[in-house]
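Understanding the architecture of this molecule
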Amino acid sequence: MARIVVLTGAGISAESGIRTFRAVDGLWEDHRIEDVATPEGYAADPALVHAFYDERRRAVAAAEPNAAHLALAGLEARRPGDVLIVTQNIDDLHERAGSTRVSHIHGELGSALCEACGERMPWHGDLAGGPRCPSCGARALRPDVVWFGEAVYGLDDIFDAVALCEQFWVIGTSGAVTPAASLVAVAAEAGARTALLNLDAHDDLRLFDDVVLGPATVTVPEWVARF
Ligand code: BJW
Ligand code: ZN
């Protein structure tokens, strides 16, 4: 079991040039959430949703991990087996920085899900145009991401890990989306030391023992150097 569990969100990838969701220049400024991040939106206009994710997949491929991703990977290298990253991000910047224990609770841009046969498969190209599923041949591939109303991936194992960790850190997330936002309560209840590293404070900071405000590329390397 990991002694340190780190929950990350869009803010950790912001300084790699990946847009967050809820900032004034964020993704939700250009797109209605219900159009591009719900099963109903996808059913109504799959082409719009494919264009949204295909563009983001290309943006991530052109981006590089930043000092915050690298610091977390360095921590894992110094403390093998002690660090689990639970990320809401669908980019692969933690892995490209060198982290090996990364749980993508909201799915991954580098994966496709076949709605016909249920297979999940690595996918690095566009999904627009309806490519065939390599397993069953159906033109039924969707982004392997978790939309509102869908179950997040791996939640039972994550609850177990959070309930047993000694340190629970939250980095670069607004805390607006459950169940990710409720993990800090599980950690605090179980007696873990909790920290928030974010650009802005959350509305409710009561569950955090430490709050460090600032850009992740500055705060995260300084923070992990203490452990
Ligand atoms: C920096 C920085 C820098 C900036 N340095 N910091 C009422 C009605 C219907 C549903 C619900 C409801 N109430 C609750 C729900 C549940 C719902 C939910 O939470 N809704 C809320 C909106 C209220 N949740 C769900 O539906 C989840 N599923 C679920 O509950 O399932 C139940 C179930 C069980 C069993 C069977 C079936 C169902 C699923 C949630 C899925 C969320 N999906 C998305 C899209 C994923 C794919 C994609 O990427 O497109 O996930 S939405 C979007 O938000 C994405 C993100 O991962 C997620 C969180 O965003 P994040 O990372 O916090 O980004 P921002 O932009 O909000 O914040 C960035 C932060 O970084 C800010 O604070 C900045 O200050 C900071 N920052 N630069 C440090 N440089
Ligand atoms: Zn299939």
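The model shown is predicted, which means the values in this text are computed figures rather than measured ones. (Residues numbered from 1 in each chain as written. Chains lettered and ligands numbered in written order. Predicted model: local features only at pLDDT ≥ 70, side-chain atom pairs only at ≥ 80, totals over all residues. Heavy atoms only, no water.)

The next thing to look at is the environment of Ile85. Structurally, the position occupied by Ile85 is in strand 2 (residues 83–87). In sequence terms Ile85 and Arg3 are 82 residues apart; their C-alpha atoms lie 11 Å from each other. If we skip the residues at most four places from it in the chain, Ile85 touches Val6, Thr8, Leu72, His94, Ser99, Arg101, Val102 and Ser103. (Helix = DSSP H or I, 4+ residues; strand = E, 2+ residues; numbered from the N terminus. Contact = heavy atoms within 4.5 Å.)

Bringing the coordination of the zinc ion (ligand 2) into the picture now. Around the zinc ion (ligand 2), the donor atoms from the protein are Cys114 (SG), Cys117 (SG), Cys133 (SG) and Cys136 (SG), and they sit 2.3 to 2.4 Å away. For the zinc ion (ligand 2), the single-chain donor residues occur in sequence as C-x2-C-x15-C-x2-C. Of the two residues, Cys117 is situated in the loop between strand 4 (107–114) and strand 5 (120–122) and Cys136 in the loop between strand 5 and strand 6 (141–145); the sequence distance between them amounts to 19 residues. (Donors = N, O, S within 2.8 Å, 3.2 Å for Na, K, Ca; no water.)

Turning our attention to the pairing of strand 4. With six of its eight residues buried, strand 4 lies for the most part within the structure. Both strand 4 and strand 6 contribute to a ladder of five bridges, which runs antiparallel. Bridging across to strand 6, Leu113 finds its partner in Arg142. By the bridge criterion, three bridges tie strand 4 to strand 5 in an arrangement that is antiparallel. Paired with Leu113 across the bridge in strand 5 is Arg120. Count of turn residues in the strand 4/strand 5 antiparallel hairpin: five residues, of which Gly118 carries a positive phi of about 85°. (Buried < 20%, exposed > 50% of the residue type's maximum accessible area, 1.4 Å probe, protein only. Pairing = 2+ DSSP bridges.)

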